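Residue strings, one per chain:
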Amino acid sequence: MKAKINYVLSTIILGLILTYAGEAGNIIVKGSDTLVILAQKWAEVYMAKNKNVTIQVTGGGSGTGFAALQNKSTDLCNASRKIKTTELQNCIKAFGKRPLEFPVALDGLSVYVNTENPIKELTLQQLEAIFTGKVKNWKEVGGPDAQITLYSRENSSGTYEFFKEHVLKGKDFASSAQAMPGTAALIQAVARDKNGIGYGGAAYGQGVKHLLIKKDDSSPAIEPVEENIVNGTYPIWRYLYVYVNPDLYKGEIAEYLKWIRSDEGQKIVKDIGYYPLPKNLRSSN
Amino acid sequence: MNKDTKISLALTRVQFNWTERILELGILLISATTSVAILMIFVFVGRESMPVIFGKSQLDASQSIRSVEDLHKMSAKEIMTYLGLSKEEYNSLDKQSLRELMLLKIETARDASKDKDAFINAASLKYLFFPHQWTGYDKPVFIWQPVSEIRKFNIIPLIVGSLKISLIAILVSVPFAIASAILVSVLVHPKIKEVLKPLIELLAGIPSVVIGVFGLIVIANIVQSVTGCVFRLNSLTAGIALSFAVIPVIFSISEDALSSVPKSYIEAAYALGASRWKMAFQVVMPAAFPGVFAALMIGFGRAFGETMIVLMASGNASILSASILDPARTITATIAAELAETVFGDPHYSVLFFIGLLLFVFTFILNIAANLVMGHLRTRIEGKK
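Here is what the cut-offs are and how they apply
- Residues numbered from 1 in each chain as written.
- Chains lettered and ligands numbered in written order.
- Predicted model: local features only at pLDDT ≥ 70, side-chain atom pairs only at ≥ 80, totals over all residues.
- Heavy atoms only, no water.
- Domains from an automatic or database assignment.
- Helix = DSSP H or I, 4+ residues; strand = E, 2+ residues; numbered from the N terminus.
- Buried < 20%, exposed > 50% of the residue type's maximum accessible area, 1.4 Å probe, protein only.
- Contact = heavy atoms within 4.5 Å.
- Pairing = 2+ DSSP bridges.
- Right-handed = clockwise from strand over helix to strand, strands pointing away.
- Buried area = accessible area lost by both parts, 1.4 Å probe.
- Salt bridge = Lys/Arg side-chain N within 4 Å of Asp/Glu carboxyl O.
- Polar contact = N/O pair within 3.5 Å; in protein donor to acceptor, adjacent residues only side chain to side chain.
- Expected span 1.5 Å × (residues − 1).
- Bend = angle between axes of the 7 residues up to and from the residue.
- Phe/Tyr/Trp six-rings, centres within 6.5 Å; stacked < 30°, edge-to-face > 60°.

> Tell me what's going on with the domain arrangement of chain B, and back it up with residues and numbers.
Many authors give the size of an interface as the accessible area that is lost as the parts come together. Segmentation of chain B into domains returns domain 1 (3-48), domain 2 (60-153) and domain 3 (156-341). For domain 1 of chain B versus domain 3 of chain B, the distance between C-alpha centres works out to 35 Å.

Here's what the structure looks like:
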């Protein structure tokens, strides 16, 4: 009995110590599922270097992250899209200021087709026509006579929104576009469907063909590789962001954010399948 | 009430037992908590979908925009209505924050679409259920495009998608489930029944995500090679995958109904010279029919509410089509896929809660109807005893 009480007491004391220690350098990161693996990797490497800091990373989506930022239940919010005006409004209501925005990585988007598809390149206009449902047959863009099957992402995905805004110019996707739950599922689907077309991260895509993209009819076809994405010649790319409440941007959190955007932090970006920031956007150390 | 029950009741009154009382109270508390929890979920979902039901518009694009300098000239009340602030919110904000909000208002107005359709409150019941000709479309359409410059929240394609896939699932499950229920309950030897019944019910233990993957990879290939359809993932694929989850439900409940048919019926059938098949199909089956029907309804409710399988195997395209070889998007998959990224309190968020409420009401009605039918069965069989 006595041993049991001792055990309970020591657990409580240990718990108290841990909570206290946690308050010393505990950073909570929440938000985009696109960024969650990268954020975890950053946290892992950073924690190994700075033993006194604990970083907790969870996903849930950019919207969830912004809601947590308003409620102050997270320190950093990962986002694969820019903050929306309603969310900005809520943030100002909650802490009187706009959250600070930091681009932390680049993501290039490729357009995938099946390896059997003879098409090698498409212009942005052709892509728009295909994904809005105006062009329904491959022969209209110089391919075989077959119906195009569209693979898109769920509308909750930042990739979906980005593609819609920048390639479809804000128009709606054709309703026949199938919404796949993730890039991996989309690639699986395109790899099995010889008339399929889809889009997703440029670093992914085993088993499918990445199309070269032309800005318009007269411009050269650009391949989605790191060099072209980082220097901006490949036309479909976006930033990934971290948002922070300006009141919290000090001490450990500021250090961590600075480290993410340093050469060292950016080295990790490539291992996860995204692209590092151009030199002028990095933090100097 | 007969004599024996009277005596035993009298005995309980005499032996008043404290531990039993406490246990009773504990059980009462636990069951009350469950009911309260269900009620709270209902209230929560209902509250979040209020803006849709009452058509409360969150778009105030018609409002005239005022410059930041006007802040000094405006009264507190004017500022509150202009910025949509409550009294507590207004009191908690300083001048600088108010300026930021004013500035944001100007930026929003500048970036907003100038299209006439952008001013429509698409999250009102009219646009949720009826077609509308949106800018850029050449005819009135039922369309679900919640992330868009001009957002469209027509839920008809989702309701049709859910109904279509659930119906396919039921049609596929019924022959298997009921045939095996009849087999297990009346046709086979009780020893074989003891093995067979848990075996079929084991199917209910497969996690739905596993069935989803199976549908995505295996069933989709089979369906495509048999039908030669354009879309690998379609309503038929999802319906077949879903039937794996529905079969054990229908089987289990209809097997119970079939087994509860009184032995005297079966004996009477045999006495009149009926064969085993005649007994099963002309005596047991009709007697248990209300129970089997209730099983179908509960199975339908299960199919309608299932999320993971349809999310993975249905293709999730929100097309309004009657073809079983077209992809479909269901209510459940829509909520699961979209809720995490919506802005809290936004029309999209409210609409998702509203369709959640529809789902809740639908399955609730189905379950109540099934219970009523089951009750009917019980009185019918017991009444004739």
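> Could you give an account of the environment of A:Asp33, with specific residues and numbers?
Residues and elements named next belong to chain A. Within the secondary structure layout, Asp33 lies in the loop between β1 (26-31) and α2 (36-49). Asp33 gets classed as partly exposed once you look at its relative accessible area, which sits at 48%. Remark: the alpha-carbon pair of Asp33 and Gly59, spanning 26 residues in sequence, is separated by 5.0 Å. Setting aside residues up to four positions removed in sequence, Asp33 forms contacts with Gly59, Gly60 and Gly61.

> Tell me about the pairing of β1(A), residues and numbers included.
Residues and elements named next belong to chain A. Of the two faces of β1, only the one carrying Ile27, Val29 and Gly31 is buried; Asn26, Ile28 and Lys30 on the other face are not. Taken together, the six bridges between β1 and strand β2 (residues 54-60) define a ladder with parallel strand orientation. In the strand pairing of β2, Gly31 is matched with Gly60. Taken together, β1, α2 and β2 form a β-α-β motif whose crossover is right-handed.

> Hey, could you go over the interface of chain A and chain B for me, with residue numbers and the actual values?
Every contact between the two is made by 36 residues of chain A and, on the other side, 42 residues of chain B. Regarding the contact of chain A and chain B, the summed buried area is about 3400 Å², with carbon and sulfur atoms giving 52% of it. The tally of links between chain A and chain B comes to four salt bridges. A salt bridge links B:Arg329 to A:Glu154; its shortest N-O distance comes to 2.6 Å. Across the chain A-chain B interface, the total number found is 14 residue pairs in polar contact (both at pLDDT 80 or more).

> If you had to explain helix α8 (residues 156-187) of chain B to someone new, which residues and values would you point to?
An ideal rise of 1.5 Å per residue puts 46 Å on 32 residues; α8(B) measures up with 44 Å between its terminal C-alpha atoms. At B:Ser173, α8(B) shows its largest kink, close to 40°, and the proline B:Pro175 lies no more than four residues downstream.

> So what's going on with the packing of aromatic side chains? Which residues, and what values?
Inspection of the entire model under this criterion finds 27 aromatic pairs over all chains. Seen in terms of ring centroids, A:Phe163 and A:Tyr199 are 4.0 Å apart; in terms of plane orientation they differ by 5°. Their pairing is stacked. Of this pair, A:Phe163 sits in helix α6 (residues 158-166) while A:Tyr199 is found in strand β8 (residues 196-201), placing the two residues 36 residues apart along the sequence. The residues A:Phe163 and A:Tyr199 share a single accessibility class, namely buried. Aromatic pair B:Phe214 and B:Phe244: ring centres 5.8 Å apart, planes at 75°, arrangement edge-to-face. Of the two residues, B:Phe214 is situated in helix α10 (residues 208-227) and B:Phe244 in helix α11 (residues 235-259); the sequence distance between them amounts to 30 residues. Residue classification places B:Phe244 among the partly exposed positions, given a relative accessible area of 29%.

> Can you tell me about the pairing of strand β4 (residues 100-113) of chain A, naming the residues and giving the values?
Residue and element names in this part refer to chain A. Within β4, 12 of the 14 residues are buried, which leaves it mostly tucked inside the rest of the structure. In the sheet, β4 pairs with strand β11 (residues 237-244) via eight bridges, with the strands oriented antiparallel. Residue pairing for β11: Leu106 is matched across the bridge by Tyr239. In the sheet, β4 pairs with β8 via five bridges, with the strands oriented antiparallel. Residue pairing in the sheet places Val113 in a bridge with Ile197 of β8. Two strands pair when backbone bridges link them, and β4 and strand β9 (residues 209-210) are joined in this way by two bridges, in the antiparallel orientation. Residue pairing across strands places Val113 opposite Lys209, the latter belonging to β9.

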